[in-house]
Amino acid sequence: MDYKKTNAPLNTVTRDMVKLSEDTGNVYETVRIIAKRANQISAEMKKDLEKKLQEFATLTDNLEEVNENREQIEISRYYEKLPKPTLIATQEYVDHKLYFRNPATDKGLD
């Protein structure tokens, strides 16, 4: 899933946890699934941001540093305006775009 093209809200949304956990039957398991996906999204976003900012890394200071800093600031602002990873993960869960399984409760593992 491309987190840049998500339809997740930018602000926190109040959700009915009982309704949200209908698929798993357990509120805590639902929160665990969403949290695990949010960690994956967060790691991906951090990796992308570091990759883009790495282009600006220089060992020496020069007069062009001010211009480079402006570009770095714009990139950082773009990532700050994206929805938070927990909101993206929750939206993916609500839209049934997440695949999850619990090996301990899967049938056929007796």
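An account of the accompanying structure is given in this report. Model, not experiment: these values are computed from the prediction.

## Details of the overall build of the protein chain
Move 1: A tally of helices and strands in the protein chain yields 4 helices and 0 strands.
Move 2: Each helix and strand of the protein chain, placed in order from N terminus to C terminus, yields the pattern α-α-α-α.
Move 3: A buried classification covers 27% of the 110 residues belonging to the protein chain.
Move 4: For the protein chain, contacts bridging at least 24 residues in sequence account for 76% of all contacts bridging at least 6.
Move 5: Within the structure as shown, the protein chain displays about 8600 Å² of accessible surface, and the carbon and sulfur contribution to it stands at 51%.

## With respect to unusual backbone geometry
Move 1: In this model, H96 sits at a positive phi of 60 degrees, which is unusual for a non-glycine residue.
Move 2: Following the sequence through the fold, H96 ends up in the segment after α4 (85-94).

## Some thoughts on the environment of E29
Move 1: Here E29 shows up in helix α2 (residues 27-54).
Move 2: E29 sits in the buried class, given a relative accessible area of 19%.
Move 3: Along the primary structure E29 and N102 are separated by 73 residues, whereas in three dimensions their C-alpha atoms are 9.3 Å apart.
Move 4: Those residues within four positions of E29 in sequence are excluded, and the remaining contacts are T24 and N102.

## Concerning the nonpolar core
Move 1: Counting 15 residues, the largest nonpolar core has I34, I41, A89 and Y93 as its most contacted members.
Move 2: Mapped by element, the contributors of at least two residues to this core are α2, α3 (65-81) and α4.
Move 3: Counting residues per element, this core draws most heavily on α2, which supplies 5 residues.
Move 4: Sequence-distant contacts of A89, that is, excluding residues within four places in its chain, are made with I34, R37, A38, I41 and L98.

Cut-offs applied
Residues numbered from 1 in each chain as written. Predicted model: local features only at pLDDT ≥ 70, side-chain atom pairs only at ≥ 80, totals over all residues. Heavy atoms only, no water. Helix = DSSP H or I, 4+ residues; strand = E, 2+ residues; numbered from the N terminus. Buried < 20%, exposed > 50% of the residue type's maximum accessible area, 1.4 Å probe, protein only. Contact = heavy atoms within 4.5 Å. Areas by Shrake-Rupley, 256 points an atom, 1.4 Å probe, with all protein chains shown as cover. Core = buried A, V, L, I, M, F, W, Y, C linked by side-chain atoms within 4.5 Å.

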